[in-house]
Amino acid sequence: MSRRELPHNLAAERAVLGACLKSDTAFWGVADRLRSDQFFHPLHQQVFSVIRDICTEGRLSLSLVASRLPAEDEEGRSMMSYLAVLLKDAEDVGSVEDFVPDIAEAAARRQLIHLAECVLKGVKAGEKGAMDIAADASAAILDVMQVASPKRPQRIGDLAQSVAGAARMANERDVMPGFGTGLPSLDEIVGRMGAGDLIFLVGSQGDGKSALAMQVGMHVAMSRPVLLCQMEMTAEQVAARELAAASGITVGDIQEGAFDFAQRDAMLQAQQWLAGPDMMVLDDSRMTIRQIRAHCIALKRTRGLGMLIIDQLDKIKSEARHKDRFERLAEITGDLKVLAKDLMVPVLVLAQRTRGAQRRDDPTPQINDADAPSIERDGDIVLAVWRKESWLRQNRPHKDAGAEKHGNWETQLALCAGKAQVISLKHRRRKPFEERTLKWIGKLTRFEELT
Ligand SMILES: Nc1ncnc2c1ncn2[C@@H]1O[C@H](COP(=O)(O)OP(=O)(O)OP(=O)(O)O)[C@@H](O)[C@H]1O
């Protein structure tokens with residue numbers, strides 16, 4: 001078979017290259033599923049390989065890509081104009097990832113044709129026995145399969161060996177795998193947040209979900225990079241909150257510049273302290289899982305990734321059409337589980353409780369409060385943060401309700417003022433329905449251990 005007759009899809013190759021030239025996010029979205037030798041056209045192989053190098057260096061530009069390629073293509077066109085055409089054509093192609101299967105399929109077919117030709121040649125030459133030829137062929141077929149599906153079944157014995165190895169290391173060196181939350185009493189119910197864990201944190205509006213997630217994230221960021229996809233606040237608002245928490249000055253006072261000399265010093269110290277944790281904030285009000293994934297892969301390759309936090313579930317954009325909200329959230333939570341497994345980091349996702357759940361006779365959080373039953377299905381750990389104080393304040397008895405009701409209300413309020421409960425509603429590795437009470441410092445949006 002001549003080279004021209006071999007399976008290929010040049011249009012798909014051009015579309016992927018054009019999109020990757022346009023943005024490194026597009027490149028990282030396909031980077032773990034395409035190798036340069038899967039492109040059919042030799043120039044395309046070169047272009048993709050140069051884009052990979054430049055994206056890894058983090059400085060993608062058309063001129064830099066052109067500078068690392070021959071000045072002209074095989075038809076004598078200038079490389080710069082060839083790349084510019086690729087870039088322009090990519091404007092209308094839609095999602096770059098849709099072209100990856102076509103390129104990978106054509107590459108796998110070419111590999112199989114090559115393999116079949118080798119088997120035929122080997123049989124005709126008569127130098128090797130049939131069993132040897134078959135063994136070589138089956139190893140080559142496994143390679144083709146591995147490219148198409150990088151995961152392979154693993155022996156339970158090998159898996160047990162690595163799990164036991166990690167356990168021994170933790171035991172001997174006192175280095176535990178995964179991450180703690182930074183709050184000892186929370187650790188008692190959550191345990192270690194490990195690779196591939198999908199953790200949901202459910203709570204009513206204003207109960208401190210963002211604050212708790214950020215606090216846990218900052219703790220993890222002391223040892224490993226953390227990405228916060230913040231769809232509710234701006235990155236500056238997140239930073240102002242962290243400055244407030246570290247300095248003890250409220251966000252309002254920071255924003256209004258209302259602080260004295262000593263506080264000014266505290267803010268400077270907080271600013272210096274905040275230079276330490278490797279916390280990255282991405283504030284975009286609507287993101288798809290695919291976009292989040294691309295950012296995570298880029299970070300993983302450049303500086304590493306210890307944990308991903310998404311604030312919050314409701315804001316994640318779906319790419320498919322759905323009958324209703326349940327179907328949309330079910331698809332998203334399923335994709336989040338795949339994302340956590342692929343990235344091999346804990347993924348913490350915040351979810352809002354419905355207003356209906358807060359109107360129940362017993363408003364204590366339950367697992368189905370988030371209006372997304374798939375949270376229970378896909379989450380490895382489901383936690384709820386609950387501030388009864390806030391609920392009581394919103395449900396003050398009517399002024400004519402009588403002295404007894406008012407008295408009860410005030411007693412209950414006094415009991416839970418400045419406190420928050422964290423309840424474990426599902427845990428794959430621990431006893432669920434455990435709960436711990438923390439101190440809530442509203443003005444600093446921070447949780448502390450109860451003394
Ligand atoms: N200066 C302040 N004094 C007292 N409480 C404050 C102050 N600033 C913020 N808070 C409280 O902090 C809480 C907000 O915390 P956080 O944003 O973490 O909650 P959330 O559960 O993520 O809310 P949402 O669902 O709206 O994002 C609110 O209850 C708010 O009243």
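This structure is a prediction, so every number in the text was calculated from the model and none was measured.

On to the nonpolar core. Proteins that are soluble and globular tend to have nonpolar side chains buried together. Formed by 76 residues in total, the largest nonpolar core has its most connected members in Ile51, Leu83, Ile292, Leu308, Ile310, Leu313 and Leu336. Two domains each provide a minimum of three residues to this core, namely domain 1 (1-153) and domain 2 (184-386 + 418-449). With near-sequence residues (within four places) excluded, Ile51 lies in contact with Leu17, Cys20, Leu21, Phe27, Leu60 and Val65. Judged by nonpolar contacts, the second largest core, of 33 residues, contains Phe179, Ala213, Val422 and Phe447.

For Arg328, the location among the structural elements is in helix α15 (residues 325-343). Comment: no salt bridge for buried Arg328; closest opposite-charge side chain is Asp314, at 4.2 Å. Setting aside residues no more than four positions away along its own chain, Arg328 makes contact with Asp314, Ile316, Ser318 and His322.

Quick look at the packing of helix α1 (residues 10-22) against helix α5 (residues 79-89) now. Relative to each other, α1 and α5 sit at 95°, their axes nearing to 7 Å. One way to sum up the angle between α1 and α5 is to call them roughly perpendicular. Residues Arg14, Leu17, Gly18, Leu21 and Lys22 of α1 form the contact with α5, whose participating residues are Leu83, Leu86 and Leu87. Residue composition of the contact of α1 with α5, grouped by class: five nonpolar, one polar and two charged.

The final tally for this structure, using the stated rule, is 22 salt bridges. Here Glu105 and Arg109 are joined by a salt bridge, their closest N and O atoms 2.7 Å apart. Residue Glu105 and its partner Arg109 are located together in helix α6 (residues 100-125), separated by four residues, close to a single helical turn. Residue classification places Glu105 among the partly exposed residues on the basis of a relative accessible area of 41%. Several salt bridges converge on common partners, so that one network encompasses Glu188, Lys431, Glu434 and Arg436.

Moving on to the layout of surface pockets. In this structure, the largest pocket occupies an estimated 670 Å³ of space. Along the wall of the largest pocket there are 26 residues; nearest its centre are Ala166, Pro177, Gly178, Gly194 and Ala195. Of all the elements, helix α8 (residues 156-173) adds the most residues to the lining of the largest pocket, at eight residues. Each residue belonging to the lining of the largest pocket can be placed in one class, and the counts come to 15 nonpolar, six polar and five charged.

Attention now goes to unusual backbone geometry. With omega at 10°, the peptide bond leading from Asp311 into Gln312 counts as cis. With a phi angle near 60°, Met344 is a residue other than glycine that sits in the positive phi range. Position of Met344 relative to the elements: it lies in the loop between α15 and β7 (347-352). Take Met344: its relative accessible area is 49%, and that puts it in the partly exposed class. Its identity is not glycine, yet Thr445 carries a phi of approximately 40°, on the positive side. Structurally, Thr445 is set in the loop between β10 (435-441) and β11 (446-449).

Attention now goes to the state of the cysteines. Here the structure, examined in full by the defined rule, presents zero disulfides. With no disulfide of its own, Cys296 lies closest to Cys229 among cysteine sulfurs, the gap being 5.8 Å. Note on Cys296: relative accessible area 0%, which makes it buried.

A separate point is the environment of Arg241. Counting through the fold element by element, Arg241 comes out in helix α11 (residues 235-247). Residues contacting Arg241, with those up to four places away along its chain left out, are Ser210, Ala211, Met233, Val251 and Thr445.

Below, the discussion takes up the packing of helix α10 (residues 209-221) against α11. Where α10 meets α11, the closest approach of the two axes is 12 Å, and the angle between their N-to-C directions is 75°. One element, α10, and the other, α11, form an angle in the roughly perpendicular class. In this structure, α10 uses Ser210, Ala211, Met214 and Met218 to contact α11, whose residues at the interface are Val238, Arg241 and Glu242. Per-class residue counts for the contact of α10 with α11 are four nonpolar, one polar and two charged.

Under the criterion given, the structure shown has five aromatic pairs. With centroids separated by 4.9 Å and ring planes inclined at 70°, the aromatic side chains of Phe27 and Trp28 adopt a geometry described as edge-to-face. For the pair formed by Phe27 and Trp28, the shared burial category is buried. Arranged with centres 5.6 Å apart and planes meeting at 50°, the rings of Phe27 and Phe48 form a pair that is tilted. On the criterion of sequence distance, the pair formed by Phe27 in helix α2 (residues 24-30) and Phe48 in helix α3 (residues 42-57) is long-range, its members being 21 residues apart. For Phe27, a relative accessible area of 0% translates into the label buried. Taken together, the ring pairs in this structure connect Phe27, Trp28, Phe39 and Phe48 into an aromatic cluster. Stacked on the ring of Phe40, the Lys or Arg Arg3 has its end atom at 4.1 Å from the ring centre.

Cut-offs and rules
Residues numbered from 1 in each chain as written. Predicted model: local features only at pLDDT ≥ 70, side-chain atom pairs only at ≥ 80, totals over all residues. Heavy atoms only, no water. Core = buried A, V, L, I, M, F, W, Y, C linked by side-chain atoms within 4.5 Å. Buried < 20%, exposed > 50% of the residue type's maximum accessible area, 1.4 Å probe, protein only. Domains from an automatic or database assignment. Contact = heavy atoms within 4.5 Å. Helix = DSSP H or I, 4+ residues; strand = E, 2+ residues; numbered from the N terminus. Lys, Arg positive; Asp, Glu negative; His and termini not counted. Salt bridge = Lys/Arg side-chain N within 4 Å of Asp/Glu carboxyl O. Axes fitted to C-alpha atoms, helices over the stretch in contact; angles between N-to-C directions. Parallel < 35°, antiparallel > 145°, perpendicular 65-115°, else oblique. Nonpolar A, V, L, I, M, F, W, Y, C, P; charged D, E, K, R; others polar. 1 Å grid on protein atoms, 1.4 Å probe; cavity = no way out; pocket = protein on both sides within 12 Å on 5 of 7 lines; lining within 4 Å. Points joined across faces, edges and corners; volume = space filled by probe spheres on them. Disulfide = S-S within 2.5 Å. Phe/Tyr/Trp six-rings, centres within 6.5 Å; stacked < 30°, edge-to-face > 60°. Lys NZ or Arg CZ within 6 Å of the ring centre and 35° of its normal.

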